[in-house]
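Residue strings, one per chain:
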Amino acid sequence: MPEIGCKLISTVDARITDYFPRLKGHVRSAKHLMVSMIPADQIDAFRAVIEDNDGVPDLTLTEDQRIAAKLPHVFDFSYNHTTLQVLKADRKATYQQIGCPAPPDPQAIADLRPKLGDDVWMHHEFAKVGGEIVTFDLPIIWFTSEDRLAEINATYAANGFPVYDAHTWQVEGGGLKNADYRHLAWKKRMDPKGLLNSAKSMAWDSVKDLSPEDIEAKATT
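Residues numbered from 1 in each chain as written. Predicted model: local features only at pLDDT ≥ 70, side-chain atom pairs only at ≥ 80, totals over all residues. Heavy atoms only, no water.

1. Examining the packing of aromatic side chains
Scanning all chains against the criterion turns up 6 aromatic pairs. With a centroid separation of 4.8 Å and 55° between ring planes, the pair formed by Phe20 and Phe77 is classed as tilted. Of this pair, Phe20 sits in the loop between α1 (14-17) and β2 (33-37) while Phe77 sits in the loop between α3 (63-69) and α4 (79-87); the two residues are 57 residues apart in sequence, bridging distant segments of the chain. As far as burial versus exposure is concerned, Phe20 and Phe77 are alike and both buried. Taking 5.3 Å as the distance between ring centres and 70° as the angle between the ring planes, the aromatic pair formed by Trp121 and Trp142 counts as edge-to-face. Highlighted residues: Trp121 in strand β5 (residues 120-121) and Trp142 in strand β8 (residues 140-142), separated in sequence by 21 residues. Exposure remark for Trp142: the relative accessible area of 14% places this residue in the buried category. Grouped by ring-pair contacts, the aromatic residues Tyr19, Trp121 and Trp142 constitute a single cluster. Here the guanidinium or amino end of Arg189 rests over the ring plane of Trp186, the centre of that ring lying 4.7 Å away. (Phe/Tyr/Trp six-rings, centres within 6.5 Å; stacked < 30°, edge-to-face > 60°. Helix = DSSP H or I, 4+ residues; strand = E, 2+ residues; numbered from the N terminus. Buried < 20%, exposed > 50% of the residue type's maximum accessible area, 1.4 Å probe, protein only. Lys NZ or Arg CZ within 6 Å of the ring centre and 35° of its normal.)

In C-alpha cells, the structure reads:
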C-alpha cells in the first residue's frame, strides 16, 4: 500500500450522512462515508486504495473545484462539525467522546455496534499521536434520559472503550481521568482560597488545606 499523507480521515455512520443535505446528489444516500483531506498529487493512489478495499470514491475535488461547485469544505463533516450538522436538523441529538483500542481494531468496533443500540450512531476520527495511529469515536446519541446515557457510557467502558465524558463539568470526568496535582498546586499558589472554579476539580476539596508543595508531592506518589 502506498504511503499517503492524509491530513484528515473521518468515518461516519450511514445514518448520519443523511443529515448532510449539502452533499445530497454528490454522495450516495444510506451509505457509510469516509471524508479525507489528502495531497492533490496523491489522489489517484488514494482512489486506488479505496477501490482495492471495495469502496466507492463518490466525490473527489481539488480546492478550486470545491469552490466552483459551492460545496462546504470536507472538514465541515468531521470532528464536532458532524454533531453540528445533525443538530441543525434535530436538537434531540447529543454526542460523547470515546477512546478506542490502540492500535486500531476494526473488529472490536464492529462487535461493539450491536451492543450499543439504535440510538447510538458511530463516527470515528483518526490521528497520529507519537507516530502511532489512534482512533476515537464522537458518536451521535439520541438523548432520552440521563440513565440511558449512563448505560451507553457503561457499555463503551465495559468493552474496552474509555469514556471521556463530554457531559461533566469536572475535568477528571472528562479528558484527564485522574487528578492533575501539579495543576492543583499551581492553583493553590495563584488562587489560595479556591475562589475561581474550584468545583471543576473533584480533588480540590481533598487538597485545599495543603500547601502547594504538599499538593505537588502527590503527583509523584
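Further notes follow.
2. A word on the side chain of Arg66
Relative to the helices and strands, Arg66 resides in helix α3. Taking relative accessible area as the criterion, Arg66 reaches 16% and is therefore assigned buried. Reaching out from Arg66, the side chain makes a polar contact with the backbone oxygen of Leu71 at a distance of 2.7 Å. Apart from residues no more than four positions distant in its own chain, Arg66 is found in contact with Leu61, Leu71, Pro72 and His73. (Polar contact = N/O pair within 3.5 Å; in protein donor to acceptor, adjacent residues only side chain to side chain. Contact = heavy atoms within 4.5 Å.)

3. Regarding the sheet that holds strand β6 (residues 123-129)
Read from one edge of the open sheet, 5 strands run β2-β1-β6-β7-β4, paired in antiparallel fashion. Each having just a single partner strand, β2 and β4 (98-99) make up the two edges of the open sheet. Where β6 and strand β7 (residues 132-137) come together, 6 bridges link them in antiparallel fashion. Each residue of the ladder has a partner; that of Ala127, found in β7, is Val134. (Pairing = 2+ DSSP bridges.)

4. A few points about the pairing of strand β1 (residues 8-12)
Burial along β1 is one-sided: the residues Leu8, Ser10 and Val12 are buried and none of Ile9 and Thr11 is. Where β1 lies against β2, 5 bridges are found, and the strand directions are antiparallel. Counterpart to Leu8 in the pairing with β2 is Met37. Note: β1 against β6, 4 bridges, orientation antiparallel. Along β6, the bridge assignment pairs Thr11 with His124.

These results come straight from atomic positions and should not be treated as a statement about function.
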